[in-house]
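# Structure assessment
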Amino acid sequence: MTTHLPKPLAAAALALALAAAPAQAADPTRWVGTWTASPQAALPAGFVLPNGAPAQMRDQTVRQVARVSLGGKQLRIELSNAYGDQPVTIGAAHIARSGGGARIQAGSDRAITFGGQPSVTIQPGAPVLSDPIALDVAALGEVAVSLYLPQTTALKTLHWEGRQDAYLTSGNRAADAQLQGETIQTRPFLSGVYVQAPAAARSVVVLGDSITDGAASTPNQNRRWPDFLAARLAQRDVAVLNAGISGGQVLNDGMGVSALARFERDVLGQKADTVFVLLGINDIGWPGSSFEPKRGPMSAQRLIAGYRQLIARARLNSLRIVGATLTPFEGALADSPISGYYNTDKDKVRQAVNAWIRDSGEFDAVVDFDAITRDPAHPARFLPAYDSGDHLHPGDAGYRAMAEAIDEAVLFAPR
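Quick summary incoming for the structure in this document. (Residues numbered from 1 in each chain as written. Predicted model: local features only at pLDDT ≥ 70, side-chain atom pairs only at ≥ 80, totals over all residues. Heavy atoms only, no water.)

## Brief notes about the overall build of the chain
- In terms of helices and strands, the chain carries 10 helices and 26 strands.
- Taking 22 Å as the expected radius of gyration for a compact globule of 415 residues, we find that the chain reaches 23 Å, a close match to that expectation.
- Expressed as a percentage of its 415 residues, the buried residues of the chain come to 53%.
- Approximately 17300 Å² of the chain is accessible, and the part contributed by carbon and sulfur atoms is 52%.
- Positive and negative side-chain charges in the chain, numbering 37 and 38 respectively, have mean positions lying 4 Å apart. (Helix = DSSP H or I, 4+ residues; strand = E, 2+ residues; numbered from the N terminus. Rg over C-alpha atoms; globule rule 2.2 N^0.38 Å. Buried < 20%, exposed > 50% of the residue type's maximum accessible area, 1.4 Å probe, protein only. Areas by Shrake-Rupley, 256 points an atom, 1.4 Å probe, with all protein chains shown as cover. Lys, Arg positive; Asp, Glu negative; His and termini not counted. Charge placed at Lys NZ, Arg CZ, Asp CG, Glu CD.)

Structure (C-alpha cells):
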C-alpha cells in the first residue's frame with residue numbers, strides 16, 4: 001500500500017530536504033584517527049626491562065602530549081582499560097594545545113566530557129570515547145591531554161615506549177596552565193585522538209614493533225619513522241597512525257599481544273585505507289635470548305604463515321596491505337643486559353623471510369627497508385650513519401631515510 005503525505009506536509013518535507021542538501025555537499029566530513037598509542041599490559045614484575053611507570057596512581061593528574069597528523073576543529077579522545085581487572089574512574093579530563101613541556105597554550109584549555117558528564121568510569125577490558133571537543137588544532141600540532149585519577153588505580157593499561165615526556169603531579173590539576181612533578185615516558189590509558197576531517201581524508205596504520213615505536217629516537221622530538229612520514233603526508237589529508245609496540249611480534253605475545261591478536265583492535269578498528277607491516281625481527285630474535293630463553297628457534301615458514309594470516313584478514317576487510325623487509329641486526333643489543341638476541345642462524349631466517357616478502361607478490365606492495373638501511377660493505381649490519389648504536393634500532397637519520405623511501409603511490413591503490 002502506498003501512503004501519500006498531505007500536500008502541505010509533502011511540500012515542507014521537500015523544502016527541508018532541498019535546504020539540507022547544499023550544506024551536506026559543501027562540508028562533508030568524517031571522524032578519522034589522527035594519533036594512536038596501542039595499549040599494552042604493564043610489564044610483569046621481574047621482566048628483563050623496567051616498567052617505567054608507577055604501579056598505581058591516587059589523587060594524581062597525568063598530562064600527556066601527542067602530536068596529531070591531521071588537524072581539525074573538532075576532536076575526540078579515546079581512553080583504554082584494555083588490561084585492567086577493575087573499573088578505572090577518570091575524575092576530570094582536559095585537552096589543550098601544548099605550549100611545550102608541561103605547559104598548555106593560554107586560552108586553549110577545554111574540559112572533556114563523556115556522555116555530557118565531566119567524569120567517566122572505564123570498565124575492565126573496554127575503551128571509552130569522549131564527546132566531540134571544539135578545539136582548533138593544526139596538522140602536526142601537539143595537544144596536551146590531562147587526566148585526573150581520584151581513586152587508588154592500578155596502572156594495568158599503558159603504552160610503554162612513549163618517547164615523549166608525560167607529567168605526573170598530585171591533586172586535580174587537569175586545567176592548570178603548567179604542571180610540576182614527576183616525569184615519565186609511558187602513556188597511561190590514553191590510546192587515541194580522532195579528528196573531524198574532510199570525507200576524502202585517508203589514513204595509514206603502521207603495525208610494527210620497537211623500530212616503528214621509535215626506540216632510540218630522540219625523545220620529545222617526534223623522530224620515529226612514522227612521524228617523518230606523517231610530516232610528508234599531512235598536507236595531503238593523509239593520517240599516519242603509529243601502531244607500533246616495542247617487543248611486538250607477529251605470532252607470539254611479548255611486551256604486548258601478538259599482531260594476530262591485536263589486528264582487529266589496532267588496525268581494523270581504525271577503518272583505515274592501508275596497513276603497513278614492519279614486524280618479525282622479534283619473532284626471530286627473542287627465542288633463546290634473555291627475553292625468551294626457553295623458546296625454540298623461529299622458522300621462516302612459521303613466520304610467513306603469520307604474515308599470510310595478516311594479509312588474509314586485510315583482504316577480507318578490503319584493506320590494502322604493504323609489507324616491509326626486516327632491517328639488519330648483526331650485533332644487536334650486544335652491549336646491553338640482553339644476551340643472545342642475534343646469531344648467524346637467526347640472520348638466515350631473516351634473509352629467507354625478506355626474500356619471500358620481496359618476491360612472493362603476496363603483499364599488495366613492498367618497501368625494502370633492508371636495502372635502504374644496510375651497510376653495502378657489511379649487509380648484515382646497519383649503515384653506520386643510520387645505526388642508533390645498539391645495532392637493532394635506527395637512529396634519527398635512519399628513521400628519516402626509511403620514511404623518505406616510501407612513495408605515496410605504494411600506500412594507496414589508484415582511485
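## Some points on unusual backbone geometry
- Notably, S318 is not glycine yet its phi reads approximately 55°, a positive angle.
- Assignment of secondary structure puts S318 in the loop between α6 (300-316) and β23 (320-324).
- The class of S318 is exposed, set by a relative accessible area of 72%.
- Even without being a glycine, L333 presents a positive backbone phi close to 60°.
- Counting through the fold element by element, L333 comes out in the loop between β23 and α7 (344-359).

## Digging into the pattern of salt bridges
- The tally for this structure, following the rule as stated, stands at 20 salt bridges.
- R173 is the partner of D176 in a salt bridge, and the nearest nitrogen-oxygen pair spans 3.8 Å.
- On the basis of relative accessible area, D176 is assigned to the partly exposed category, the value being 26%.
- The shortest N-O distance in the salt bridge between R295 and E292 comes to 3.0 Å. (Salt bridge = Lys/Arg side-chain N within 4 Å of Asp/Glu carboxyl O.)

## Points about the sheet that holds strand β15 (residues 157-159)
- In spatial order, the strands read β2-β15-β18; together these 3 strands make up an open sheet with antiparallel pairing. Looking at strand neighbours, the two that pair on one side only are β2 (40-41) and β18 (187-188), the edges of this open sheet. (Pairing = 2+ DSSP bridges.)

## Focus: the sheet that holds strand β22 (residues 274-278)
- Strand order across the open sheet formed by 5 strands is β21-β20-β22-β23-β24, with parallel pairing between neighbours. At either margin of the open sheet sits one strand with a lone partner, and together these are β21 (238-244) and β24 (365-367). When strand polarity is set aside, the average angle formed by the axes of neighbouring strands in this sheet is 20°.
- Pairing analysis gives 3 bridges linking β23 to β24, with the strands arranged parallel. Note that in β24 the partner of V322 across the bridge is A365. (Axes fitted to C-alpha atoms, helices over the stretch in contact; angles between N-to-C directions.)

## A look at the packing of aromatic side chains
- Applying the stated criterion across every chain, the model contains 11 aromatic pairs.
- With a centroid separation of 5.3 Å and 75° between ring planes, the pair formed by W225 and F369 is classed as edge-to-face. Taken together, the residues W225 in helix α3 (residues 225-233) and F369 in helix α8 (residues 369-373) connect sequence positions 144 residues apart.
- On the accessibility criterion, F369 (0% relative accessible area) is buried.
- Aromatic pair F329 and Y341: ring centres 5.9 Å apart, planes at 85°, arrangement edge-to-face. On the criterion of sequence distance, the pair formed by F329 in the loop between β23 and α7 and Y341 in the loop between β23 and α7 is long-range, its members being 12 residues apart.
- Take F329: its relative accessible area is 0%, and that puts it in the buried class.
- Taking the relative accessible area as the measure of exposure, Y341 reaches 1% and is therefore buried.
- What links up through ring pairs into an aromatic cluster is the set F47, W286 and F291.
- Seen from the ring of F412, R202 lies directly overhead, with NZ or CZ sitting 4.0 Å from the centre. (Phe/Tyr/Trp six-rings, centres within 6.5 Å; stacked < 30°, edge-to-face > 60°. Lys NZ or Arg CZ within 6 Å of the ring centre and 35° of its normal.)

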